[in-house]
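# What the coordinates show
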Amino acid sequence: MQHSEKFELCVTNNFSEFRAMSLWLHNICENLALPESLAKDLDVCANEAITNIILYAYKDQEPHKILIQIEINQNQELILTIQDDGFPFDPFTFSLPDTYEKISGLNIGGLGIQLMQNLASQCYYQWLSDKNIITLRFVN
Amino acid sequence: MKISCEELNGDIYKINLTGRMDIPGNAEIDIKFSGMTASPGKLFIIDLSGVDFIASIGIRTILMSAKAIQNRGGKIVLLNPTDHVSKILSVAGIGTILDITNNLESALCLLLPEK
């Protein structure tokens, strides 16, 4: 396949929608004949990004829309974009925990961000039109 | 998710986890998991062969219990993670703080090195 394709899903800030989102991601990867390991990397990253949004982006208890886009471009790069209307926050400037040396001194904060930064080949953040937009690139 | 616990020889408990260790799955087992690992036993094998997906929430659950077990002088070994779970544990640096093995005999030796 040498053409680009784009897919879009809108979820709300509710953990109950995680399974439907994961199923959507896996179905896209399966239809594009992408490897299962890549589908799971995407799944982990989407889970971590949206968990952070749900837990930290909003100060009210109202429902908010979170837009998830997947694009596979002509270079066969897979691009995951997640957009929310929460408070401006760049997760990729968050200081990551040091390498764990022993459990007793464990800092478990930032683990989700660490996973995203290691699984994706590139991660970046933008604040555009009052939206947080994070973009993760994956090499197929 | 599903969780079960069995007692092996030598006062070792083996906790078997099955399913997706994401936020919805973790919520189904985290209280039971914490309760099982808070038992008087000190030596635990966590069998991950049935876990096909893990996110940071699942890693946190395992680490929090591991920390509690270690604080009372016990030990935990992770057994038989599937390929992708193994990758995620590696990316998270878990292999530097917990023993991970694909073999039950090795897990037992890690918990009871004198035997």
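The structure reproduced in this document is the subject of the present report. As the structure is a prediction and not an experimental result, all values here were calculated from the model. What you see as residue numbers is a count from 1 along each chain, following the sequence as written. Whichever chain is written first becomes A and whichever ligand is written first becomes 1, with later ones labelled in order. Reporting in this predicted model follows two pLDDT cut-offs: at least 70 for local features of residues, and 80 or more for side-chain atom pairs to be given and counted; totals over whole chains, interfaces and linings ignore these cut-offs and use all residues. The side-chain values count all of the structure's non-hydrogen atoms but skip hydrogen atoms and water molecules.

## As for the packing of aromatic side chains
Residue and element names in this part refer to chain A. Only rings of Phe, Tyr and Trp enter the pairing, Trp through its six-membered ring, and a pair is recorded when the two centres are within 6.5 Å. The plane angle decides the type: under 30 degrees is stacked, over 60 is edge-to-face, the rest tilted. On inspection of all chains with the given rule, the structure shows two aromatic pairs over all chains. Summarising the aromatic geometry, the rings of F15 and F18 are spaced 5.3 Å apart at their centres and angled 70° between planes, so their arrangement reads as edge-to-face. Look at NZ for Lys and CZ for Arg. If either is within 6 Å of the ring centre and within 35 degrees of the ring normal, a charge sits over the ring. Between the NZ or CZ atom of K59 and the centre of the ring of F87, over which it lies, the distance is 4.8 Å.

## Re the pattern of salt bridges
Salt bridges are identified by distance alone: a Lys or Arg side-chain nitrogen within 4 Å of an Asp or Glu carboxyl oxygen. Scanning all chains against the criterion turns up eight salt bridges over all chains. Measuring nitrogen to oxygen at the nearest pair gives 2.8 Å for the salt bridge that ties R137(A) to E77(A). A residue pair is termed long-range when its members are at least 10 positions apart, and R137(A) in strand β5 (residues 131-139) and E77(A) in strand β3 (residues 77-84) qualify at 60 residues. Residue K14(B) pairs with E6(B) through a salt bridge whose shortest N-O separation is 3.3 Å. Here's how the labels work: a residue is buried when its accessible area is under 20% of the maximum for its type, exposed when over 50%, partly exposed in between, all with a 1.4 Å probe on protein chains only. Take E6(B): its relative accessible area is 34%, and that puts it in the partly exposed class. Members of the salt-bridge network, linked through shared partners, are R19(A), D43(A), R20(B) and D22(B). Helix and strand definitions follow DSSP, with helices as H or I runs of at least four residues and strands as E runs of at least two, each counted in order from the N terminus.

## Some details on the interface of chain B and chain A
For interface size, the figure often reported is the accessible area lost on association. Here, residues are in contact when the closest pair of their heavy atoms is within 4.5 Å. Tallying the contact residues gives 26 residues for chain B and 27 residues for chain A. Carbon and sulfur atoms supply 66% of the area that chain B and chain A bury against each other, a total of about 2300 Å² over both sides. The largest share of the area that chain B buries against chain A comes from I23(B), V91(B) and I97(B), three residues that together contribute 21% of it. Two residues, R19(A) and D22(B), come together in a salt bridge whose shortest N-O distance is 2.8 Å. The leading source of residues in the side of chain B that touches chain A is helix α2 (residues 56-71) of chain B, at eight residues. Three classes are used: nonpolar for Ala, Val, Leu, Ile, Met, Phe, Trp, Tyr, Cys and Pro, charged for Asp, Glu, Lys and Arg, and polar for all others, with Gly counted as polar. Classifying every residue of the side of chain B that touches chain A by side-chain character gives 14 nonpolar, six polar and six charged. Summed over both partners, the accessible surface that disappears when two parts come together, traced with a 1.4 Å probe, is what is meant by buried area.

## Thoughts on the sheet that holds strand β5 (residues 99-101) of chain B
Residues and elements named next belong to chain B. Note: two strands are recorded as paired if DSSP finds a minimum of 2 bridges between them. If you walk across this open sheet you meet the five strands as β1-β2-β3-β4-β5, and the pairing is mixed. In the strand order of this sheet, the two ends are held by β1 (2-8) and β5, each with one partner. For this sheet the average axis-to-axis angle between neighbouring strands, irrespective of direction, equals 25°. As paired elements, strand β2 (residues 12-21) and strand β3 (residues 43-54) share nine bridges and run parallel to each other. From the neighbouring strand, I15 faces β3, where its bridge partner is I46. Geometry is summarised by axes, namely lines fitted to C-alpha atoms with helices restricted to the contacting stretch, and by angles between N-to-C directions that run from 0 to 180 degrees.

## Focus on the packing of helix α1 (residues 23-37) of chain B against α2(B)
All names here are of chain B. Two numbers describe how α1 lies on α2: the axes approach to 10 Å, and their chain directions differ by 10°. Classed by the angle they form, the pair α1 and α2 counts as roughly parallel. Where α1 approaches α2, its residues I23, N26, D30, F33, S34 and T37 are matched on the opposing element by I57, G58, T61, I62, S65 and I69. Of the residues in the contact of α1 with α2, the class split is five nonpolar, six polar and one charged. When describing relative orientation, an angle under 35 degrees is termed roughly parallel and one over 145 degrees roughly antiparallel, while 65 to 115 degrees is termed roughly perpendicular and anything else oblique.

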